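# Working through the structure, step by step
Below, each chain spelled out in residue letters.
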Amino acid sequence: MPELPEVETIARGLARAVTGKTIESVEIRLPKMAVAPPGVDFARALAGERVAEVGRRAKYVLIRLESGRMLVTSLRMTGRLLVQRPGETEFPGTHVVLFYTDETRLSFADVRTFGRMRLVEPGEAWDKSLGPEPLSASFTPEGFIGMLSGRTTPIKAFLLDQQRIAGIGNIYACEALWAAGIKPGRPAGSITKPAARRLYHAVVDVLQRAIDMRGTSVDDYVDAEGLRGGFQNVLAVYGRLGQPCARCGSPIVRTVIAQRGTWWCRRCQR
Ligand SMILES: [Zn+2]
C-alpha cells in the first residue's frame, strides 16, 4: 500500500507530467471510482479544466485545477496513476481516464477497486480528520511528545492513526520504531521524553530517506512514470522475518498489532 513517500513520489512525477495541461474529456468505466459532490457530473465538470498544480496530503494525490476545484485520489491497496502517451498499452484495471488536449492521458487503474478519485469543491474541508504532515513545520518534537501523553494505545497503532499524524503506514511505522529502539507494542504514553524525541527524529528521517529513494516497492508499487522505488533495498525490519537485526544480530520477529503484521527486534527495541 503506498504510504507518504510513495504518494509523494507519484505526485512529483505527475507534477512534471501534467501541470498546465488541459483536460479534454473524461472516461469513467467504473462509476464508484469517480466521486463528485451531489448534483455535479464528474466528467462534465472536468472537461476544459486546466491542471494548476499537483501535490500531496497524507496518502492522497491532489490535482489542483484552475477553477479552484481539486481531484483527490486515494490509491489504497493497488491503485495507480499513470501518464500515458497515445498508443501506449493500457494498464489492467483502468477505471477512469483523463484525456488531455495534447493527446496524452492520465489513467487511474486499480485492480482491487478500493481506490477513489474524488472531485472536491473549492473550500470543501475534505481533510479535516487528518493529522499534521510529519515533514511539515507544524509537526514538532514537543507537539509529538504532547500527543503521546496519557495514551494507552500501542505506539505502532498510534503511528498508523491518520488522525494523529498523516501519511505513515505499516512499512515506515515498523522502520521508525526500529531506528528509535522502541518496542512496537509499548503503550504510547509510557514512552520517555528522550525516547519520544528519538522516535520523532526517526519518523522524519525514515520518511525523508524513503522519498529520496523514490519510495518502497515491496509489492506492485510504481510511480507515475511506471518506475519502482529503491527503499526496499535498505529496509531494516519490514518483511525481514528471521533475518539478523543490522544493529544486534538477533533474528527479526513478526507479531500482529492493530491487525497489521509488525516486524521488530526483541533485543534492541524496548
Ligand atoms: Zn536488534
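Given the structure is predicted, the values throughout are model-derived calculations rather than measurements.

### Side note on the environment of Y172
- Of note, Y172 is situated in helix α5 (residues 170-180).
- Of the residues examined, Y172 reaches a relative accessible area of 1% and is grouped as buried.
- Linking Y172 and A258, residues 86 residues apart in sequence, is a C-alpha distance of 15 Å.

### Concerning the sheet that holds strand β4 (residues 60-65)
- Reading across from one edge, β2-β9-β5-β4-β3 is the order of the five strands in this open sheet, with mixed pairing throughout. Two strands in the sheet have a free side with no partner beyond their single neighbour: β2 (34-35) and β3 (51-57).
- On top of the sheet, helix α1 (residues 4-18) reaches β3 and β4; it is set at about 170° to β3, its chief contact.

### A short note on the packing of aromatic side chains
- One pass over the full model with this rule turns up six aromatic pairs.
- Aromatic pair Y172 and F231: ring centres 5.9 Å apart, planes at 45°, arrangement tilted. With a gap of 59 residues between them, Y172 in helix α5 and F231 in the loop between α6 (193-212) and β10 (253-257) connect regions that are remote in the sequence. Each member of the pair Y172 and F231 is classed as buried.
- Aromatic ring contacts, followed pair by pair, group F139, F144 and Y200 into a single cluster.

### Here we look at the environment of D161
- Among the structural elements, D161 can be located in the loop between α4 (155-160) and α5.
- C-alpha separation for the pair D161 and M213, spaced 52 residues apart in sequence, amounts to 24 Å.

### Looking at unusual backbone geometry
- You will see that E103, though not glycine, has its phi angle at about 80°, which is positive.
- The exposure class assigned to E103 is exposed, which follows from its relative accessible area of 57%.
- The phi dihedral of T113 falls on the positive side, at around 55°, and the residue is not glycine.
- On the basis of relative accessibility, which here comes to 16%, the residue T113 falls in the buried class.

### Overview of a nonpolar patch on the surface
- Together, M1, M77 and F114 make up a nonpolar patch on the protein surface, roughly 240 Å² of accessible area in all.
- Checked against the element boundaries, M77 lands in the loop between β5 (70-74) and β6 (79-84).
- What makes M77 partly exposed here is its relative accessible area of 32%.

### Looking at the coordination of the zinc ion
- At the metal site, the zinc ion is ligated by C245 (SG), C248 (SG), C265 (SG) and C268 (SG), and these contacts range over 2.2 to 2.3 Å.
- Along the chain, the residues that donate to the zinc ion are spaced as C-x2-C-x16-C-x2-C. Pair noted here: C245 is in the loop between α6 and β10 and C265 is in the segment after β11 (260-264), with a separation of 20 residues, a long-range link. For the pair C245 and C265, a shared accessibility class is recorded, and that class is buried.

### Overview of the nonpolar core
- F144, I155, L159, Y172, I182 and L199 are the most contacted members of the largest nonpolar core, which has 42 residues in total.
- Looking at this core, the elements that each hand over two or more residues are α3 (141-148), α4, α5 and α6.
- Among the elements that make up this core, the one with the highest residue count is α6 (10 residues).
- Dropping the residues within four chain positions of it, Y172 is found in contact with E3, P5, E6, V206, L207, A210, G215, T216 and F231.

### Focus: the state of the cysteines
- Per the stated rule, a full pass over the model turns up zero disulfides.
- Of all cysteine sulfurs in the structure, the one in C265 sits closest to C174, which takes part in no disulfide; the separation is 13 Å.

Reading guide: rules and limits
- Residues numbered from 1 in each chain as written.
- Predicted model: local features only at pLDDT ≥ 70, side-chain atom pairs only at ≥ 80, totals over all residues.
- Heavy atoms only, no water.
- Helix = DSSP H or I, 4+ residues; strand = E, 2+ residues; numbered from the N terminus.
- Buried < 20%, exposed > 50% of the residue type's maximum accessible area, 1.4 Å probe, protein only.
- Pairing = 2+ DSSP bridges.
- Contact = heavy atoms within 4.5 Å.
- Axes fitted to C-alpha atoms, helices over the stretch in contact; angles between N-to-C directions.
- Phe/Tyr/Trp six-rings, centres within 6.5 Å; stacked < 30°, edge-to-face > 60°.
- Patch = residues over 30% accessible without salt bridge, like charges linked within 9 Å, V, L, I, M, F, W, Y side chains within 5 Å.
- Areas by Shrake-Rupley, 256 points an atom, 1.4 Å probe, with all protein chains shown as cover.
- Salt bridge = Lys/Arg side-chain N within 4 Å of Asp/Glu carboxyl O.
- Donors = N, O, S within 2.8 Å, 3.2 Å for Na, K, Ca; no water.
- Core = buried A, V, L, I, M, F, W, Y, C linked by side-chain atoms within 4.5 Å.
- Disulfide = S-S within 2.5 Å.

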